[in-house]
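# Working through the structure, step by step
Residue strings, one per chain:
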Amino acid sequence: MEDKEPLAEPVHVGEKRTCPEEDSEHIAKRAKVQDEELEGEEEEEALEECDGEGESFADMMKYGLSEVDVGICKFVSEHNGFSGILKERYSDFVVNEISKEGKIVRLDDLSVPVEPEVRSSVEAAPVDCQVLTEEQKQQLSDLQLFKNKERNVSIEVEDDSKEKRTLLHKAVKTSYPGLETKTEERDGKKFIVAYHAAGKKALAGIDHSAPRKHSWPKNRGSFCHFVLYKENKDTMDAINVLSKFLRVRPNVFSYMGTKDKRAITVQEIAVLKISAERLAHLNKCLMNFKLGNFSYKKHPLKLGELQGNHFTVVLRNISGSDEQVEHAMTSLRATGFINYYGMQRFGTTAVATHQVGRSILQNNWSEVMDLILKPRPGAEKGYLVKCREEWAQTQDPEAALKKLPVKRCVEGQLLRGLSKYGKNNIITAFGLIPRNNRLMYIHSYQSFVWNTMVSRRVEAYGLKAVEGDLVLKGGTAHVLSAEEAEKESIHDIVMPLPGFDVIYPTHEVGKGYRDMLAADNLDIDNMRHKVKDYSLAGAYRRILIRPSDVSWEVIHYDDARVPLVYTDVEKLENKPLPVYLTEGKYRALKMEFSLPPSTYATMAIREVLKMDTSIKNQTQLNTVWLN
């Protein structure tokens, strides 16, 4: 979109580049609902998924997104930027949830709470392990920890009674979470066979929907709340692992927000009627997880209940002087940063996910199908590349589907739908994709519009409230008069995500929304869709965010492999504190700050460095340094 001439003399703000013109092809990928917790660095996952075939990852990422592609163009500070590498190690990015009470969530207690000996008739008391011999206990423990080469343990039932077999089944399942049991008869003798429930082959035969009976005291809250510490795994993957080991459905878990994959994160989780003792047993057999701070409550957790997140971030190999760092961090603490939707909202590949959202809103379903399934350059798994090539050559959904070993991806779900309903029923076929995945496309488009319009707003009017801006009063948007604008802070100004239930600024930027949507053949006055799910209500989002609890220090180091953050688990294990050198080959900036929900730490880091935080740019930085 062509920039309008600003109506007012802009206040000077730091600027790196101009916004793309209207005829540029803007590229985007992934989004989530506005009021969900959003700090996942999802673009980093492409690094894990690349097969490494053909071009190097850095070469493939030249097709990826940069910040200007998604409307991220402006800065608010005046310091000179400097370079630094974000997430060179996943341990350089630590996230601690801030609870609804405003406390930073820490893992600092692995003990199981002691309870009164009052129990209900719903369940029996925990099974006494005395039915197992010491040798059997050792064998089961080895099996639980994947040390048993036989992949199972057989226990002969000498006293062939149902009561004895039941006791053995319960003893194994209660004392060794992750193990499943079955009864087998061999040569006229009966055996209880224990095997790993999370084994690749064993998992296929387990019915996770079958209810299980465990004891639950009447005087105990139905939900066990605990703190989950995880490394290099996103929240849903972590929940899936826990559910497999506990033999329950993932939906018995609840949480307040999703957390980054490529990071160390600490958050509160609640689970329905699973005891702290069973959860604590998982600490013996799970890698890169730790569970603790157990308590029983009467309620689950709800998405969005948290007050925010506390971040500890290390930027390695920084080029900035101590003076530059001081200026940058002081500005972050005093003024903050533009509240852009970060790069993880949009993804990495060369197909524009927000264009998919735009096509949905335009009701152009053949284009939706084409954008999702057509071949694309960039970093993707080999089987996805083959699937796309098959689709391009044959347009046969069944043939393309056969190229996918994993059918649950968006492409697989769409191909299943097309195979089932035919290419003349794309809307119905598209409906087989999970609802949240479908909505991410249109929310991505909203985010792109918001980023672009906020860049315009900062360009035109700078860091002061002006007549025609919007503020929220009691949850309702109010248009500022010239007199009111004189009294308002830029930190109170909001901008709308387009929808049928919002109003727009009355200055020129408000007209920019209308022009931008019109250029996309969308009517800003009619954001309701034929399919109810794709009707956009809209929302409001603050232009600037000022972090709290901001602190920083410059660290010297020689070895890039040395951790520079002291984690909760290291504290629990009484490991020594990291040793920071007075002089070293490299310098790193270690910063801490807290942010409210639905804001992006990467955008705060971007303001400090004044450089592109996209994986495309960060990959190039890593490649240059490592070479």
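Residues numbered from 1 in each chain as written. Predicted model: local features only at pLDDT ≥ 70, side-chain atom pairs only at ≥ 80, totals over all residues. Heavy atoms only, no water.

### Considering the overall build of the protein chain
Scanning the protein chain from N- to C-terminus turns up 20 helices and 18 strands. The buried share of the protein chain, reckoned over its 627 residues, is 54%. Carbon and sulfur atoms form 47% of the exposed surface of the protein chain, whose accessible area is close to 28,500 Å². (Helix = DSSP H or I, 4+ residues; strand = E, 2+ residues; numbered from the N terminus. Buried < 20%, exposed > 50% of the residue type's maximum accessible area, 1.4 Å probe, protein only. Areas by Shrake-Rupley, 256 points an atom, 1.4 Å probe, with all protein chains shown as cover.)

### Here we look at the pattern of salt bridges
This model, assessed by the stated rule, comprises 19 salt bridges. Between E67 and R606 there is a salt bridge, and its shortest N-O distance comes to 2.8 Å. One end of the pair, E67, is in the loop between α2 (57–60) and β1 (85–86); the other, R606, is in helix α19 (residues 601–609), and 539 residues separate them in sequence. For E67, a relative accessible area of 0% translates into the label buried. The salt bridge involving D525 is made with R514; its shortest N-O contact spans 2.9 Å. (Salt bridge = Lys/Arg side-chain N within 4 Å of Asp/Glu carboxyl O.)

### Observations concerning the pairing of strand β13 (residues 476–479)
Across four bridges, the pairing between strand β12 (residues 470–473) and β13 is antiparallel. Bridging from a neighbouring strand, K473 pairs with T476 of β13. (Pairing = 2+ DSSP bridges.)

### Quick look at the side chain of S594
Within the element layout of this structure, S594 appears in strand β18 (residues 586–595). Within the local environment of S594, its side chain forms a polar contact with the side chain of D549, the two groups lying 3.0 Å apart. Apart from the residues lying within four places of it in its own chain, the contact partners of S594 are I98, N309, H310, P547, S548 and D549. (Polar contact = N/O pair within 3.5 Å; in protein donor to acceptor, adjacent residues only side chain to side chain. Contact = heavy atoms within 4.5 Å.)

### Let's talk about the state of the cysteines
Going through the model one piece at a time under the given rule, you end up with zero disulfides. In this model C387 remains outside any disulfide bridge; the closest cysteine sulfur is found in C409, 7.0 Å from its own. Given the relative accessible area of 2%, C387 is considered buried. (Disulfide = S-S within 2.5 Å.)

### A look at the pairing of strand β6 (residues 223–231)
Along β6, nine of the nine residues are buried, which leaves the element largely enclosed by surrounding structure. By the alternation rule, side chains of β6 split into F223, H225, V227, Y229 and E231 and C224, F226, L228 and K230, which are all buried.

### Thoughts on the packing of aromatic side chains
Under the counting rule described, the total for this entry stands at twelve aromatic pairs. Between F226 and F294, the aromatic rings sit 6.4 Å apart at their centres with planes inclined by 40°, giving tilted as the arrangement. Here F294 lies in strand β9 (residues 289–297) and F226 lies in strand β6, a separation of 68 residues in the sequence. Classification of F294 as buried rests on a relative accessible area of 9%. Ring-pair connections join several aromatic residues into one group, and the members of that group are W365, F430, Y441 and Y534. R220 extends its terminal NZ or CZ atom over the ring of Y296, reaching a point 4.3 Å from the ring centre. The lysine or arginine in question, R528, covers the ring of F500, its NZ or CZ lying 3.7 Å from the ring centre. (Phe/Tyr/Trp six-rings, centres within 6.5 Å; stacked < 30°, edge-to-face > 60°. Lys NZ or Arg CZ within 6 Å of the ring centre and 35° of its normal.)

### A closer look at the confidence of the model for the protein chain
It should be kept in mind that the predicted coordinates are not to be read in detail where pLDDT is low. Looking at the protein chain, pLDDT values average 82 and 81% of them are 70 or higher. Across residues 1–58, confidence stays below pLDDT 50; counting only partners more than four residues off in sequence or on other chains, it has 188 contacts. Below pLDDT 50 for its whole length, residues 200–213 participates in 17 contacts with residues either more than four positions away or in separate chains. (pLDDT = per-residue confidence, 0-100.)

### Remarks on the environment of R528
Checked against the element boundaries, R528 lands in the loop between α17 (508–519) and β15 (539–542). Accessibility expressed as a relative area gives 54% for R528, which makes it exposed. Residues R528 and D501 lie 27 residues apart in sequence; the distance between their C-alpha atoms is 10.0 Å. The contacts of R528, once residues within four sequence positions are left out, are F500 and S535.

### Some points on the environment of R333
Tracing the sequence through the fold places R333 in helix α8 (residues 322–334). When the C-alpha atoms of R333 and S548 are compared, they prove to be 7.1 Å apart, with 215 residues separating the residues in sequence. With residues up to four places along the chain from it excluded, the contact list for R333 reads R546, P547, V550 and W552.

### Details of unusual backbone geometry
Located in the positive-phi region is R247, a residue other than glycine, with phi close to 60°. Relative to the helices and strands, R247 resides in the loop between α6 (235–246) and β7 (253–255). Although it is not a glycine, N288 sits at a positive phi angle of roughly 65°. If you trace the backbone, N288 turns up in the loop between α7 (276–281) and β9.

### A short note on the sheet that holds β15
Spatially, the four strands line up as an open sheet ordered β13-β12-β14-β15, and their pairing is antiparallel. Where the open sheet ends on each side, the last strands, each with one partner, are β13 and β15. Taken pair by pair, the neighbouring strands of this sheet meet at an average axis angle of 55°, ignoring direction. Two strands pair when backbone bridges link them, and β12 and strand β14 (residues 493–497) are joined in this way by two bridges, in the antiparallel orientation. The residue of β14 that forms the bridge with L470 is V494. Running over the sheet, helix α15 (residues 435–461) touches β14 and β15 and is turned about 145° from β14. (Axes fitted to C-alpha atoms, helices over the stretch in contact; angles between N-to-C directions.)

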